[in-house]
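Examining the three-dimensional arrangement
Here is how the chains run, residue by residue.
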Amino acid sequence: MARYHGDQAAAPGMLDFAVNVRHAQPPQWLIERLAARLPDLARYPGVEDLRRAQDAVARRHGRAREEVLPLAGAAEGFALLPSLRSARAALLAPSFTEPAIALSAAGVPVHHVVVGPPFGLDHVDVPADADLVVVGNPTNPTSVLHRREQLLALRRPGRILVIDEAFADSVPGEPESLAADSLPDVLVLRSLTKTWALAGLRVGYALGAPEVLVRLTAHRAHWPVGALQLEAITACSGADAVADAVRLAQLRAEMVAGLSSIGAEVVDGVAPFVLFRLPHADETRNRLHDKGIAVRRGDTFVGLDGSYLRAAVRPEWPLLVQAISETMPVSGRQR
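Notes on the structure follow. (Residues numbered from 1 in each chain as written. Predicted model: local features only at pLDDT ≥ 70, side-chain atom pairs only at ≥ 80, totals over all residues. Heavy atoms only, no water.)

Thoughts on the overall build of the protein chain
Definition in use: Going along the chain from the N terminus, every DSSP run of H or I of four or more residues is numbered as a helix, and every run of E of two or more is numbered as a strand. In this setup the radius of gyration rests on C-alpha atoms only. A globule is expected at 2.2 Å times the number of residues raised to 0.38. Per-residue accessibility, obtained with a 1.4 Å probe over protein chains only, is compared with the maximum for each type, and a residue is labelled buried under 20%, exposed over 50%, and partly exposed between these values. Residues count as neighbours in contact if any of their non-hydrogen atoms are within 4.5 Å of one another. All accessible areas in this document rest on Shrake-Rupley with a 1.4 Å probe, and a residue is counted as covered only by the protein chains that are shown.
Within the protein chain one finds eleven helices and 13 strands. For 335 residues, the compact-globule formula gives about 20 Å, and the C-alpha radius of gyration of the protein chain, at 20 Å, lands near that figure. Projected onto the principal axes, the alpha-carbon positions of the protein chain cover approximately 60 × 50 × 35 Å. When burial is assessed residue by residue, the protein chain has 54% of its 335 residues classed as buried. Here the contacts in the protein chain between residues at least 6 apart in sequence split such that 74% fall between residues at least 24 apart. Here the protein chain displays about 14400 Å² of accessible surface, and carbon together with sulfur accounts for 54% of that area.

Considerations on the pairing of strand β13 (residues 308-312)
To keep it simple, the criterion reads: Only strands joined by at least two bridges in the DSSP assignment are considered to pair.
Counting buried residues in β13 gives five out of five residues, a clear majority hidden from the surface. In β13, alternate side chains face the same way, and those of Y308, R310 and A312 on one face and L309 and A311 on the other are all buried. Alignment of strand β10 (residues 273-277) against β13, held across five bridges, turns out to be antiparallel. What sits directly across from L275, in β13, is R310. Direction of pairing for strand β12 (residues 296-297) relative to β13: antiparallel, over a ladder of two bridges.

A closer look at the environment of E174
Our working definition: As used in this structure description, the phrase polar contact means that two N or O atoms lie within 3.5 Å; if the pair is within protein, one of them must be able to donate a hydrogen and the other to accept it, and residues adjacent in sequence are counted only when both atoms belong to side chains.
Residue position: E174 is located in the loop between β6 (160-164) and β7 (186-191). Considered as a pair, E174 and L145 are 29 residues apart in the sequence and their alpha carbons are 10.0 Å apart. When sequence neighbours within four positions are dropped, the list of residues in contact with E174 reads R60, H61, A168, D169 and R190. Within polar-contact distance, the side chain of E174 engages the side chain of R190 at 2.6 Å.

Overview of the packing of aromatic side chains
Heads up, the condition is: Put simply, two rings from Phe, Tyr or Trp (the six-membered ring, in Trp's case) pair if the centres are within 6.5 Å, and we call them stacked under 30 degrees between planes, edge-to-face over 60, tilted for the rest.
Scanning the entire structure with this criterion turns up five aromatic pairs. On the numbers, 5.7 Å between centres and 75° between planes, the contact of W29 with W196 is edge-to-face. Placement of W29 in helix α1 (residues 28-35) and of W196 in the loop between β7 and β8 (204-207) is noted, with a sequence separation of 167 residues between them. For W29, a relative accessible area of 34% gives the class partly exposed.

What about the side chain of R220?
Looking at where R220 falls in the secondary structure, it is placed in the loop between α6 (210-216) and α7 (227-236). Here P70 takes part through its backbone oxygen, which lies 2.9 Å from a polar atom of the side chain of R220. At 2.8 Å, the side chain of R220 forms a polar contact with the side chain of E76. When near neighbours in sequence (up to four residues on either side) are disregarded, R220 contacts L69, P70, L71, A72, E76, L80 and V225.

What about the sheet that holds β12?
Taken in spatial order, the four strands make up an open sheet running β9-β10-β13-β12, and their pairing is antiparallel. Two strands lie at the open edges of the sheet, namely β9 (265-266) and β12, each paired on one side alone. Bridge count for β9 against β10 is two bridges, and the pairing is antiparallel. Paired with E265 across the strands is R277, a residue of β10.

Topic: the sheet that holds strand β2 (residues 68-71)
Let me state the cut-off plainly: Orientation is described by axes fitted as lines to C-alpha atoms, over the contacting stretch for helices, and by angles from 0 to 180 degrees between their N-to-C directions.
Read from one edge to the other, the open sheet built from seven strands follows the order β2-β8-β7-β6-β5-β3-β4, with strand pairing classed as mixed. Among the strands making up the open sheet, the edge pair consists of β2 and β4 (110-114). If you compare each strand with its neighbour and ignore which way they point, the axes differ by 20° on average. Alignment of β2 against β8, held across four bridges, turns out to be antiparallel. In the sheet register, L69 faces β8, and the bridge partner there is A206. Across the sheet, helix α2 (residues 47-61) lies against β2, β7 and β8, angled at about 120° from β2, the strand it touches most.

A look at helix α10 (residues 281-290)
Residues that lie three or four places apart on an α-helix share one face, since the helix turns once every 3.6 residues. Applied cut-off: Working note: the arc is built from the helix axis to C-beta atom directions.
Looking at α10, one finds that the buried residues are A281, T284, R285 and L288. For α10, the arc enclosing every buried residue in end-on projection is 100°, short of the 170-degree limit, so these residues lie on one face. Of the surrounding secondary structure, the elements contacted by the buried residues of α10 are β11 (293-294), β12, β13 and α11 (317-327). Just past α10, the residue G292 takes up positive phi, approximately 85°.

Describing the pattern of salt bridges
Heads up, the rule is: Counted as salt bridges are all cases of a side-chain nitrogen of Lys or Arg within 4 Å of a carboxyl oxygen of Asp or Glu.
With the rule as written, the count across this model stands at 22 salt bridges. Here R43 makes a salt bridge to D49, at a shortest N to O gap of 3.4 Å. Relative accessible area serves as the criterion here: at 39%, R43 is assigned to the partly exposed category. Under the relative-accessibility criterion, D49 is labelled buried at 4%. Ionic contacts of the salt-bridge type, sharing partners, join the residues R33, R37, D40, R43, E48, D49, R52 and E231 into one network.

Everything listed is a geometric property; what it means functionally is a separate question.
Below you can see the structure in the form of structure tokens.
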């Protein structure tokens with residue numbers, strides 16, 4: 001089930017908590033910026049477009065231009081990982097499934113380091129011979145935010161540490177991010193797709209040492225990132241955009257309280273989605289689907305079983321909580 005993604009759970013017209021895209025459409029200012037570039041689609045993206053995007057990201061994180069690699073979504077970064085020619089990769093799980101798919105397809109031996117509840121890194125045991133380690137922060141699907149020192153403790157000579165920070169821009173102040181750290185063995189992947197409702201465009205970037213980025217892109221196609229993607233990266237890296245990205249902490253807290261009130265066991269996290277556990281979760285999910293509400297199943301992630309569900313943080317969360325309360329078997333409800 002590794003290739004299962006949240007969009008497979010939601011049919012058109014459903015109330016969608018399965019997909020982590022934050023809004024129904026990009027903000028108007030972003031739509032206008034992208035629309036202004038439509039006449040440029042007749043030409044290949046130029047060096048000036050690439051450098052503007054790199055410079056915008058570099059300013060945002062205090063990095064050099066040469067340390068920034070625009071991507072067609074963070075998932076493209078995972079697809080490029082086999083170019084690092086790892087002898088053995090360790091993937092901390094549960095986590096986003098694309099790295100395992102890309103590495104396994106390329107013949108790289110993959111070892112899942114399963115981290116149990118509460119899904120922190122306090123007692124994580126990574127194989128010493130793993131020369132590539134991938135960990136999310138905050139992690140999808142758990143929403144758990146790991147401390148910087150815990151992540152840095154995973155470094156070893158000859159190893160590249162890949163931090164999936166696809167949802168880090170939703171954390172106020174980004175206190176545990178490694179995006180601003182110029183380290184020779186740490187590669188940070190960022191996504192703008194979810195925060196800015198750009199799933200139909202796919203935008204993100206990698207931050208790392210120039211030598212690592214050269215290795216990462218050794219077999220990449222020409223013009224892998226289009227003009228609209230580069231424009232979106234430039235636009236969404238501005239100070240105003242960055243400040244606007246984090247306005248969901250209160251909404252998340254309210255949603256967590258609502259789920260807890262009906263007996264859901266909620267994992268402590270910070271990302272714009274909530275992982276929670278319910279008795280008879282699979283039955284509840286099917287009943288929600290019949291009511292036109294989609295949530296993400298948990299058992300397709302390594303390390304989770306069928307008792308887990310994931311739901312995006314949305315203003316409509318009271319409808320989800322009410323529907324769960326109505327659809328849960330009587331034996332599973334909070335008394």
